[in-house]
Structures are given as structure tokens and as C-alpha cells.
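What follows is each chain in one-letter form.
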Amino acid sequence: MIEASLSDDQVAHFVRRGYLIVRRALRADLLARARARLWDAAPDSLKRDDPASWIGPFEPEDEDEDRGNYRKGFRWQYRALGRELWMVDLLPKNPAVWSMVQQLLGRGQVTEPEGIRGIYCTLPQGQHEAGLDRCHVDAHPFHLGVVGYIDDVDPGGGGFRVWPASHRTFYPDFESAYRMEPTAGYEPHRERLSQEPSVDCSGRAGDIVFWHHRLGHMAAHNHTRRIRQAVLCDFRKKDLEQAQEEPPAGDMWKDWSPAVQSVAAKL
């Protein structure tokens, strides 16, 4: 288990680039439980011991529009278990994760998490042609996102893909500091940044990725033979309802912790 604090260099990386990978953050027993529960919700055509059956897209008879266990194309989003207590313990209330989140957002300032988005999967592409890499910014209000891998994600395996430092471009591209109210600058910037180099956040089971709420990102295409399996959670400060009424600030870190503000002031 990692130490429950980030170094100044790690905080500086997050401030500069808008994301930070932390290795071996999650409990192995809960990761195994999450993988098992995912397969309990799989359609009969996907066999846990047969990787050849994992190649997407889902056949029409296996698609499901239900939000709790959504399956379509190459995406599988199992949200039904996201509010189970052990899932909260797996990611947001993992002691190390919770401590680092408060280090970034402020001790005692973060809303206690009651659930996560769920387990989000990307099926292998196989011989199917992948689409273009194209970044976006999430629409719902929050401060800090985290992606946790519950199984290994090799390079090219559909990991969380980010456009480093794009949070600095996108932050002033909205009328609100947190709501999805884009100005005329958002789409041109999105088009330009999507053509620029991005980072494939590959990793092993238990690795996590912190990311700023205005960071350009996408769930990458999966060119391996393993299903990309990840858990996602959004962290919000207790004053988000008020903060989202405000326009982007001159100092984009004004809502963050003194530790983040101190590092940002030196960069």
C-alpha cells in the first residue's frame, strides 16, 4: 500500500498537466471482488475463461440500454453496484485515496462520497477499425475525478487517455467554473487539442489516475485482447452548489487546497 500523501513533485505534476497517476493504491481483495461481480453481470456470450469471446462490439441481442448495466458497441457500464458500501471502500473511501483527495481539495472540505459511477469497461476492438482520438470535457459539475483500474491495462488497452495541460485551455472556455456552459471558444479548442499528442494512462490493477474536472480526456480504443475494466468516481467540495454559480476565476486554483495553491504559485 502506498503512503497516503502526495509529494510536492506529484502535486506540481497535477497542477501543470492536469492529471496524476498513482501506482498500487487499491486493495487487492476488493479488486478481485469487483472483477468477480462484473462477470456476474455479463451476458452469456462473454465467457470469463475465453478471451476470444470478449472482442466487441456487443451483438444486438446482448445490448442493453438499461443504465444499471448498459452494454452497447464496445462500451459496458455496470453502474448498478456503484452505491454498495464495499465499492465505496474500494475507491473513494480507500484511506490512501481519501487522504490524497483531501490534500488536493482541502481537509474537511470534501463531500463524503456515497457511491461511485460504477465499473466502466471497453471491449477489445479486434479487427474492427477504431475511430479517431477525440477529447471532451465532462458535463456534470465536480472538482476532481479519479479512475481506478481493477485489472491490468496494457498500453493500447483502452486506458484513460488524457491531453496534458488541456485543463488550462478549457477552464476559461465556460461561462461557469463548473457547469457545462461552453463559450464559443470551446469547440475550436477541442478540435485543435484533439489533433495534439495525448497520453495513454496504462497501468496495473490497483493504479489510479487523478484528473482535473476541465481536463480533456477520453476512454481510449482497446487494441489488446483484454477487457479494460475501471472504476470511476467524482469528488466535490461542500461548497460546489455555490461555486458553480461563479464564472471561471483568474486563479484557477482558488478553490483548491493550500497545498495546491502553494505549489501553483511557484510554477
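Residues numbered from 1 in each chain as written. Predicted model: local features only at pLDDT ≥ 70, side-chain atom pairs only at ≥ 80, totals over all residues. Heavy atoms only, no water.

*Asks:* Let's hear about the nonpolar core: which residues, and what values?
*Replies:* With 60 residues, the main nonpolar core has Leu90, Leu104, Ile119, Leu144, Ile208, Phe210 and Phe235 as its most contacted residues. Sorting elements by how many residues they give to this core places helix 4 (residues 95–105) first, with 7 residues. Setting aside anything within four residues of it in sequence, one finds Phe235 in contact with Pro92, Val97, Trp98, Val101, Leu105, Val110, Pro113, Phe142, His143, Leu144 and Val146. (Core = buried A, V, L, I, M, F, W, Y, C linked by side-chain atoms within 4.5 Å. Buried < 20%, exposed > 50% of the residue type's maximum accessible area, 1.4 Å probe, protein only. Helix = DSSP H or I, 4+ residues; strand = E, 2+ residues; numbered from the N terminus. Contact = heavy atoms within 4.5 Å.)

*Asks:* Tell me about helix 4, residues and numbers included.
*Replies:* The buried count for helix 4 comes to 10 of 11 residues, which makes it a mostly enclosed element. Inspection of helix 4 places Ala96, Val97, Trp98, Ser99, Met100, Val101, Gln102, Gln103, Leu104 and Leu105 among the buried residues, and these make up the whole buried set. For helix 4, the elements touching its buried residues are helix 1 (8–17), strand 1 (19–22), strand 5 (144–149), strand 8 (208–212), strand 10 (228–235) and helix 8 (258–266). Gly106 lies just past helix 4 and shows a positive phi near 120°.

*Asks:* How would you explain the packing of aromatic side chains if you had to name every residue and give the values?
*Replies:* Considering all chains together, one arrives at 11 aromatic pairs under this definition. Aromatic side chains Phe14 and Trp256 sit 5.5 Å apart centroid to centroid with 45° between the ring planes, which places their arrangement in the tilted category. Of this pair, Phe14 sits in helix 1 while Trp256 sits in the loop between helix 7 (240–243) and helix 8; the two residues are 242 residues apart in sequence, bridging distant segments of the chain. Here Phe14 matches Trp256 in class, with each residue buried. Taken together, a centroid distance of 5.2 Å and an interplanar angle of 50° make the contact between Phe174 and Tyr186 tilted. Here Phe174, found in the loop between helix 5 (166–170) and helix 6 (186–194), pairs with Tyr186, found in helix 6; they are 12 residues apart in sequence, far enough to count as distant. As far as burial versus exposure is concerned, Phe174 and Tyr186 are alike and both buried. (Phe/Tyr/Trp six-rings, centres within 6.5 Å; stacked < 30°, edge-to-face > 60°.)

*Asks:* Just give me the short version of the pattern of salt bridges, but keep the residues and values in it.
*Replies:* A full pass over the atoms with the stated rule returns 19 salt bridges. For Glu84, the salt bridge goes to Arg37, with nearest N and O atoms at 2.9 Å. A residue pair is termed long-range when its members are at least 10 positions apart, and Glu84 in the loop between strand 3 (75–78) and helix 3 (85–90) and Arg37 in helix 2 (residues 28–40) qualify at 47 residues. Arg37 sits in the partly exposed class, given a relative accessible area of 22%. A salt bridge links Asp133 to Arg161; the nearest nitrogen and oxygen atoms lie 3.7 Å apart. With Asp133 in the loop between strand 4 (118–122) and strand 5 and Arg161 in strand 6 (residues 160–162), this pair connects stretches of sequence that are 28 residues apart. (Salt bridge = Lys/Arg side-chain N within 4 Å of Asp/Glu carboxyl O.)

*Asks:* So, the sheet that holds strand 7 (residues 199–201): which residues are in play, and what are the values?
*Replies:* Spatially, the 3 strands line up as an open sheet ordered 7-6-9, and their pairing is antiparallel. Looking along the sheet, the strands with just one partner apiece sit at the ends: strand 7 and strand 9 (217–219). With strand direction ignored, the average angle separating the axes of adjacent strands in the sheet is 25°. Here strand 6 pairs with strand 7 via 3 bridges, running antiparallel. Looking at the pairing, Arg161 lines up with Asp200 of strand 7. (Pairing = 2+ DSSP bridges. Axes fitted to C-alpha atoms, helices over the stretch in contact; angles between N-to-C directions.)

So far we have only geometry, and geometry alone does not tell us how the molecule works.
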